[in-house]
Amino acid sequence: MAIVKEDKERATVRRVCIRLADERKKQGVSQQRLSEMAGLSRTGVRHIESLETNPTLSSLLKIANALDLNLAAIISKS
């Protein structure tokens, strides 16, 4: 049961990261510019978008806020 829950959680995080990356591209914002807007490193943004890391809620909030997005709405749609 715990493995199934963990898989669902990972899948949700994956979908949120993909949606944030898609929205960044849609807005025409580079990873470098997003990192500056969000107060994160460019490498950190790249790792989040490429799913190489498990992002913190704080990082996801910073990215969503920088893109003027509602993170709760993105999560609920995931």
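Residues numbered from 1 in each chain as written. Predicted model: local features only at pLDDT ≥ 70, side-chain atom pairs only at ≥ 80, totals over all residues. Heavy atoms only, no water.

S.K.: Please explain the side chain of Glu49 as it appears in this structure.
M.R.: With respect to the secondary-structure elements, Glu49 resides in helix α3 (residues 42–49). According to the relative accessible area criterion, Glu49 is buried, its value standing at 16%. Ignoring sequence-local partners within four residues, the contact set of Glu49 consists of Ala21, Arg24, Gln31 and Leu34. (Helix = DSSP H or I, 4+ residues; strand = E, 2+ residues; numbered from the N terminus. Buried < 20%, exposed > 50% of the residue type's maximum accessible area, 1.4 Å probe, protein only. Contact = heavy atoms within 4.5 Å.)

S.K.: Explain the nonpolar core here, please?
M.R.: The nonpolar side chains of a soluble globular protein tend to be buried with one another. Val16, Leu20, Leu34, Leu60 and Ile63 are the most contacted members of the largest nonpolar core, which totals 15 residues. Mapped onto this core, the elements with two or more residues apiece are α1 (2–26), α2 (31–38), α3, α4 (57–66) and α5 (71–76). Of all the elements, α4 adds the most residues to this core, at four residues. If sequence neighbours within four positions are ignored, Leu34 has contacts with Arg24, Val29, Val45, Glu49, Ile63, Ala66 and Leu67. (Core = buried A, V, L, I, M, F, W, Y, C linked by side-chain atoms within 4.5 Å.)

S.K.: So what exactly am I meant to see when it comes to the packing of α2 against α3 here?
M.R.: Two quantities define a packed helix pair, namely the angle between the axes and the distance from one axis to the other. Between α2 and α3, whose axes approach to 8 Å, the crossing angle comes to 110 degrees. By the angle between their directions, the pair α2 and α3 is classed as roughly perpendicular. For α2 against α3, the interelement crossing comes out right-handed. Where α2 abuts α3, its residues Gln31, Gln32, Leu34 and Ser35 lie against Arg42, Val45, Arg46 and Glu49. Tallied by class, the residues present in the contact of α2 with α3 amount to two nonpolar, three polar and three charged. (Axes fitted to C-alpha atoms, helices over the stretch in contact; angles between N-to-C directions. Parallel < 35°, antiparallel > 145°, perpendicular 65-115°, else oblique. Left-handed = near helix turned anticlockwise from the far one by under 90°. Nonpolar A, V, L, I, M, F, W, Y, C, P; charged D, E, K, R; others polar.)

Interpretation note: all reported values are geometric properties and have no functional meaning in isolation.
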